[in-house]
Amino acid sequence: MRYRQFAETEATRPDFDKDKPIEITKSPYPNWKYGEGVPDNEVSLAQKHHEINPYAPDRPTINNYRLLLSGIAPRPIGFLSSVNSEGQKNLSPFSYFQVIDHDPPMFIVGFLSRPGRVKDTYRNLKETRECVINTVSGNMIKAVNATSIDAPYGVSEWEPSRVEESVFNIEGKVIDIKEFTDHQQPGMSLAATVLIKATRFWVKEGTADADYSHIDLNKLRPIGQLGGVSYGRIVSTFERPRSKWDDEVPKSELLAKLDAGKPE
């Protein structure tokens, strides 16, 4: 599909139902037992894997970009607000983003190598070493997507430092920056990762439990980024409690054999 014809294509699609209930279903294979692997009659084993060297001279870098974005999905959107040393604000979405620890609360943001200058957010983080991470809900996506426009440096795409439309905001300080100087190509910006430690949480009232330890999924309505220009949302979930060895051994012949043969 050619993106310049996107408006015409989107007009033919069903309307977005922002209030669509989130369904809770049974988990896949609820009667699964240890030793069964993936019980799909080996359908998932029928196709072989194709080996790819991401650094092959004849492989365009853009192919790695497209492959990773379509294959590692969905990805949470890190909506970062930052400010430079002159007080100019910036707001931009990132799909190379993830929470990596809770004690202390830590986050990582990746800045890809791209033609021209580095992103304003990266420059701001290096200067002031502070930011706010804002969650993205379905009702925000058009405005969030608009902030990814390639505005000139110093032009603010959104005014507030903390996005009040977000259900959850995390104030943070930069702990470490890793720049991949050995991988930089002529005419391309520097690729880097930034490690951020949370200093304060903000949760919208009425969206969490009494002790603010759990945010209601129906209130959060998170949006994830997929491949290309596609986004996804949660409309169905299932639950699977984590198993404990001592509880499962008596119920499984396979685990009982493994347990009997373990070193003393």
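As annotated in an unreviewed UniProt entry, the protein chain carries the name Flavin reductase like domain-containing protein and comes from Aspergillus tubingensis. The UniProt entry for the protein chain carries the following text under Cofactor (unreviewed entry): "FMN". Its UniProt record gives the protein chain a comment under Sequence similarities (unreviewed entry), which states: "Belongs to the flavoredoxin family."

### Looking at the pattern of salt bridges
What the rule picks out here adds up to five salt bridges. Lys251 is the salt-bridge partner of Glu248, the closest N and O atoms lying 3.2 Å from each other. With a relative accessible area of 16%, Glu248 lands in the buried category. Put simply, Lys262 and Asp259 hold a salt bridge, and the shortest N to O gap is 3.0 Å.

### Structural notes on the pairing of strand 9 (residues 192-203)
Summarising the sheet, strand 6 (residues 105-111) and strand 9 pair through six bridges and their orientation is antiparallel. Considered in strand 9, the bridge of Val109 is made with Val194. Alignment of strand 8 (residues 168-179) against strand 9, held across eleven bridges, turns out to be antiparallel. What sits directly across from Lys173, in strand 9, is Lys197.

### Some thoughts on the sheet that holds strand 3 (residues 78-83)
An order of 4-3-7-8-9-6-5 is seen for the seven strands of this open sheet, with the pairing classed as antiparallel. For this open sheet the edge positions go to strand 4 (89-94) and strand 5 (97-102), each flanked by a neighbour on one side alone. Averaged over neighbouring strand pairs, the angle between their axes works out to 30° when direction is ignored. Summarising the sheet, strand 3 and strand 4 pair through six bridges and their orientation is antiparallel. Across the sheet, the residue bridging to Val83 is Lys89, located in strand 4. Against the sheet, helix 3 (residues 120-128) makes contact with strand 3, strand 4, strand 6, strand 7 (130-134), strand 8 and strand 9, and its axis sits at roughly 55° relative to strand 3, the strand it touches most.

### So, the environment of Pro105
Residue placement: Pro105 occurs in strand 6. For Pro105, a relative accessible area of 21% puts it in the partly exposed group. On a C-alpha basis, the gap between Pro105 and Tyr65 in space is 28 Å, while along the polypeptide they are 40 residues apart. What Pro105 contacts, discounting residues up to four positions off in sequence, is Ile196, Lys197, Ala198 and Phe201.

Rules used in this analysis
- Residues numbered from 1 in each chain as written.
- Predicted model: local features only at pLDDT ≥ 70, side-chain atom pairs only at ≥ 80, totals over all residues.
- Heavy atoms only, no water.
- UniProt positions renumbered as here; feature names shortened; annotations may be inferred.
- Salt bridge = Lys/Arg side-chain N within 4 Å of Asp/Glu carboxyl O.
- Buried < 20%, exposed > 50% of the residue type's maximum accessible area, 1.4 Å probe, protein only.
- Pairing = 2+ DSSP bridges.
- Helix = DSSP H or I, 4+ residues; strand = E, 2+ residues; numbered from the N terminus.
- Axes fitted to C-alpha atoms, helices over the stretch in contact; angles between N-to-C directions.
- Contact = heavy atoms within 4.5 Å.

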